[in-house]
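# Fold and contact review
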Amino acid sequence: MKTLIPILGDQLSHQISSLSGQDKGQAILLMVEVAEETAYVPHHKAKLSYILSAMRHHARDLESQGWQVDYVCLEDPQNCGNFTGEVVRAIEKHRPHKIRITEAGEWRVKAMLDSWGDRFEIPVEITADTRFIASHTEFEIWAADRKQLRMEFFYREMRRKTGLLMNKDKPEGGQWNYDTENRKPAKRDHQIPKPLHFPPDVLTQDVIDMVTTRFGNHIGYTVNFGFAVTRADALRQQTHFLDVALPHFGDYQDAMLTDEPFLWHSILSPYINSGLLDPLELCRNVEARYREGLVPLNAAEGFIRQVIGWREYVRGIYWFAGPDYVNRNALGASRPLPDFYWTGKTDMHCMAQSIGQTLDYAYAHHIQRLMITGNFALLAGINPVEVHQWYLAVYADAYEWVELPNTLGMSQFADGGMLASKPYASSGAYINRMSDYCRSCRYDVKQRTGPDACPFNALYWDFVARNAPMLSANPRMAMPYKNWGRMTDADQAALRSDAAKFLETLG
Ligand code: FAD
Ligand code: DLZ
Ligand code: SF4
């Protein structure tokens, strides 16, 4: 029985469920670089180079292990540019008896796979993506009777299920979550680790050259390209992270420093999301470091929470919320995304830094995405779909299932609180506390109004005031509304007028 097994660009794992139990002599693996996938948003050139090079290396790897791979490059003149058309061509060429594929990671591609059953005369088997800890059904059962979905409670279920950092049925150290210990600002005199840089090999350089020619109009640069594109190199970065950055990952998880794009973060998300690394295996390694006394509990727990807590939770929300989640706009935000998101050209130093490194590396760490670029868009009332398309385009780790709930739910509160209990909105004071950005900024973070005042300040109070009908009853927003209520009418008017003037400059 000949089986055609399409492997998608985010399924680059030897453990992918579609391969499990398959006979290498009877299987044709189909990997295609399709124009449709490269163009649904203007992906960063480094993101495209990463995905396509990792796909090419994975195909080589599969072949070296005895699989027969039909690989279709973007430049192939016969390539019709979409998955379905390429499967049609592969059926004509290989005459398989069935198709077997691991489920897609997003609604758009799922709809396409679901249509294959009716379209093709041979059976189509879609297998579950077993790289996640919670299945769709498990998440649905967990979410079913809850009035509110909250990551913290879901995370505890994942701890129990995996046994990670558990002592029988009790959490290690007596607490589930050590987040309060993980909010230290970083200082320049700390020894700041650097992620490994993997210089492009010939195959990667060919891809970079092709991407630069073909997608010259897409955002971002490739001169700093240093991503791993094989599992072996991704594992090297994993070990490097465990050795040098994990011990302080917790302490400085929310810190930001000028010209330090990576700090103590792992830079592993592109590899986890495309399949080169296994999230559970990674977490077991993190736990082992803790058990060996090499990293403190707040670091190990903090990291494991990001992976088996947040990552699994946002995936659960993505599928649970349905394909219309993308259209939610609870705060009625409608302003277009300012041009400087695509160029980094703004006087706001925190924004210029976060966007600048995004253009350079297709990477920003979580607190930059949430509390700088995301916070600004939230305060300024930018249309959530435009914000979503930006995040989906610019980061090497961005796939809709993980990016959309983070952007639309966590960062823009556009789902009205389905994912998070309150908006992640803050004035310049938070940015000043967690970074050194304000020291090199043309604006003064301490001033609330006037031409030199930090724009985040007036925008924050304008956000609070204009969203009162939606947010003032939220107990977690009680403090801002109390403080707003205490201000004089003149102060309130000055803040709102400054915010309006600033917003006008955005065009
Ligand atoms: P680390 O800080 O080292 O964290 C370790 C790992 O935890 C990450 O590699 C990632 O796998 C996981 N993780 C941490 N936070 C989250 C989270 N909130 N959701 C899912 N996984 C998480 N992450 C993506 O993988 N793809 C995205 O497209 C994406 N878009 C985002 C958009 C916004 C607006 C925000 C606020 C966050 C987004 N995140 C996204 C989550 C997070 O910012 C990135 O996972 C993280 O910055 C990746 O860098 P790292 O590997 O160095 O992470
Ligand atoms: C993101 C992406 C890009 C840019 N290009 C391809 C591609 O050419 N071929 C491919 O198989 N996958 C690509 N991907 C990843 C897919 O978008 C991803 O597999 C789907 O979103 C399904 O989850
Ligand atoms: Fe950002 Fe305001 Fe600080 Fe400037 S002063 S870096 S705009 S928070």
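None of the values given here were measured: they were computed from a predicted structure. Along each chain, residues carry numbers from 1 onward, in the same order as the chain's sequence is written. Chain labels run from A onward and ligand labels from 1 onward, assigned in the order the entries are written. Reporting of local features is limited, given that this is a predicted model, to residues whose pLDDT is at least 70; pairs of side-chain atoms are given and counted only at 80 or more, and all residues count toward the totals for whole chains, interfaces and linings. No hydrogens and no water enter the side-chain calculation; it runs on all heavy atoms of the structure.

### Observations concerning the overall build of the protein chain
Along the protein chain, the regular secondary structure elements total 21 helices and seven strands. The globule rule used for comparison is 2.2 Å times the number of residues to the exponent 0.38, while the radius of gyration itself is calculated over C-alpha atoms. Relative to a compact globule of 507 residues, whose C-alpha radius of gyration would be 23 Å, the protein chain shows 23 Å and is just as compact. Seen along its three principal axes, the alpha-carbon backbone of the protein chain occupies a region of about 80 × 55 × 50 Å. Across the 507 residues that make up the protein chain, the buried fraction comes to 60%. Considering only residue pairs separated by 6 or more positions, the protein chain has 77% of its internal contacts joining residues 24 or more positions apart. Per-residue and other accessible areas were derived by the Shrake-Rupley procedure at a 1.4 Å probe size, with only the shown protein chains allowed to occlude residues. Just so you have it, the protein chain exposes about 20900 Å², and 50% of that area is on carbon and sulfur atoms. In summary, the charge assignment counts Lys and Arg as positive and Asp and Glu as negative, without counting His or the chain termini. For this purpose, a charge sits on NZ of Lys, CZ of Arg, CG of Asp or CD of Glu. Considering the protein chain, the positive charge centre built from 54 side chains and the negative charge centre built from 61 side chains are found 5 Å apart. Each helix is a run of DSSP H or I of at least 4 residues and each strand a run of E of at least 2, with the numbering of both proceeding from the N terminus. For every residue, the accessible area obtained with a 1.4 Å probe (protein chains only) is divided by the maximum for its type, and the residue is called buried under 20%, exposed over 50%, and partly exposed between those limits. Should any heavy atoms of two residues lie within 4.5 Å, those residues are considered in contact.

### Topic: the packing of helix α11 (residues 297-321) against helix α16 (residues 400-411)
One way to put it is that α11 packs onto α16 with a least axis distance of 8 Å and a crossing angle of 90 degrees. Taken together, the axis directions place α11 and α16 in an arrangement best described as roughly perpendicular. On α16, the residues touching Trp310, Arg311, Val314, Arg315, Ile317 and Tyr318 of α11 are Glu400, Trp401, Val402, Leu404, Pro405, Asn406 and Met410. When the residues that make up the contact of α11 with α16 are grouped by side-chain class, the tally is nine nonpolar, one polar and three charged. To obtain an axis, a line is fitted to C-alpha atoms, over the contacting stretch when the element is a helix, and the angle between two such axes runs from 0 to 180 degrees between their N-to-C directions. Every angle not falling under 35 degrees, over 145, or within 65 to 115 is termed oblique; those three ranges are roughly parallel, roughly antiparallel and roughly perpendicular. When residues are grouped by polarity, Ala, Val, Leu, Ile, Met, Phe, Trp, Tyr, Cys and Pro land in nonpolar, Asp, Glu, Lys and Arg in charged, and all others, Gly among them, in polar.

### Description of the sheet that holds strand β2 (residues 27-32)
Taken in spatial order, the five strands line up as β3-β2-β1-β4-β5 in an open sheet, and their pairing is parallel. Edge positions in the sheet fall to β3 (68-72) and β5 (124-127), since each of these pairs with one other strand and no more. Each adjacent strand pair in this sheet contributes to an overall mean axis angle of 25 degrees, direction not counted. Pairs of strands are assigned from DSSP output, requiring at least two bridges between the strands. Where strand β1 (residues 3-6) and strand β4 (residues 98-102) come together, two bridges link them in parallel fashion. Residue pairing in the sheet places Leu4 in a bridge with Ile99 of β4. Along the sheet, helix α2 (residues 45-64) makes contact with β2 and β3, crossing β3 at roughly 155 degrees. Sheet strands touched by helix α3 (residues 83-94): β1, β2, β3 and β4. Its angle to β2, the strand with the most contacts, is close to 145 degrees.

### Focus on the site of ligand 2
Contacts to ligand 2 come from 17 residues, most closely from Asp10, Val32, Val34, Glu37 and Glu106. Between ligand 2 and Asp10, the relevant distance is 2.7 Å, taken from an oxygen atom to a side-chain nitrogen or oxygen of the residue. Identification of polar contacts relies on pairs of N or O atoms within 3.5 Å, with a donor-acceptor requirement for protein atoms, meaning one able to donate a hydrogen and the other able to accept it, and with residues adjacent in sequence counted only if both atoms are side-chain atoms. Between ligand 2 and Gly105, the relevant distance is 2.9 Å, taken from an oxygen atom to a main-chain nitrogen or oxygen of the residue. Buriedness of a pocket was judged along seven lines, with at least five required to meet protein on both sides within 12 Å; pockets are open sets of points on a 1 Å grid over the protein atoms alone, cavities are sets where a 1.4 Å probe fits but cannot get out, and lining residues have an atom within 4 Å of a point. For this analysis, a molecule is said to be in a pocket or cavity if more than half of its atoms are within 2 Å of the grid points defining it. Placement of ligand 2 is best described as lying within the largest cavity. Among the elements that take part in the shell around ligand 2, α2 stands out by supplying four residues, more than any other. Across the shell around ligand 2, the residue classes break down as 10 nonpolar, three polar and four charged. When at least one non-hydrogen atom of a residue lies within 4 Å of a molecule or strand, that residue is treated as near it.

### Here's the deal with the pattern of salt bridges
Any Lys or Arg side-chain nitrogen located within 4 Å of an Asp or Glu carboxyl oxygen qualifies as a salt bridge. Counted according to the given criterion, the structure contains 32 salt bridges. The partner of Arg100 in a salt bridge is Glu125, and the shortest N-O contact between them spans 3.0 Å. One end of the pair, Arg100, is in strand β4; the other, Glu125, is in strand β5, and 25 residues separate them in sequence. Assessed through its relative accessible area of 9%, Arg100 is described here as buried. Its salt-bridge partner being Glu152, residue Arg156 comes within 3.3 Å of it at the nearest N-O pair.

### Examining the domain arrangement of the protein chain
Here the domain parsing of the protein chain yields domain 1 (3-127), domain 2 (136-320) and domain 3 (340-504). Centre-to-centre separation of domain 1 and domain 2, based on C-alpha positions: 27 Å. Counting residues at the interface gives 30 residues for domain 1 and 31 residues for domain 2. Two parts placed together each lose some accessible area under a 1.4 Å probe, and adding up what both lose gives the buried area. Surface buried jointly by domain 1 and domain 2 totals about 2600 Å² across both partners, of which 65% is contributed by carbon and sulfur atoms. For domain 1, the biggest contributors to the area lost against domain 2 are Lys45, Tyr50 and His57; these three give 28% of the whole. An automatic or database domain assignment is the source of the domain bounds shown.

### A look at the packing of helix α18 (residues 455-466) against helix α21 (residues 489-505)
Relative orientation of the contacting elements α18 and α21 amounts to 110 degrees, with a least axis distance of 8 Å. Accordingly, the angle class assigned to the pair α18 and α21 is roughly perpendicular. α18 and α21 meet at a crossing whose hand is left-handed. When α18 is examined against α21, the residues Pro455, Ala458, Leu459, Trp461, Asp462, Ala465 and Arg466 are found in contact with a partner set consisting of Leu495, Arg496, Asp498, Ala499, Phe502 and Leu503. Classifying every residue of the contact of α18 with α21 gives nine nonpolar, no polar and four charged. Note: crossing handedness is left-handed where the near helix turns anticlockwise from the far helix by less than a right angle, and right-handed where it turns clockwise.

### Some points on the site of ligand 1
If you check the shell around ligand 1, you find 28 residues, and the closest are His265, Ser266, Ile267, Asn273 and Tyr363. Within the contact set of ligand 1, an oxygen atom lies 2.7 Å away from a side-chain nitrogen or oxygen of His265. In the environment of ligand 1, a nitrogen atom lies 3.5 Å from a nitrogen or oxygen atom belonging to the side chain of Gln306. Within the complex, 99% of the 820 Å² of free accessible area of ligand 1 lies under protein. Put simply, the parts of the chain that give the shell around ligand 1 at least two residues each are α9 (269-274), α11, α14 (366-380) and α16. Looking at which element gives the most residues to the shell around ligand 1, the answer is α16, with six residues. The residue makeup of the shell around ligand 1 includes at least three contributed by each of domain 2 (136-320) and domain 3 (340-504).

### Structural notes on the layout of surface pockets
Grid points are joined across faces, edges and corners, and a volume is the space filled by probe spheres set on the points. What the second largest pocket holds in volume is close to 290 Å³. If you trace the second largest pocket, you find 17 residues lining it, with Pro195, His197, Asn224, Phe262 and Tyr361 closest to the centre. Partitioned by chemical class, the residues of the lining of the second largest pocket number 11 nonpolar, four polar and two charged. Two domains each put at least three residues into the lining of the second largest pocket: domain 2 (136-320) and domain 3 (340-504).

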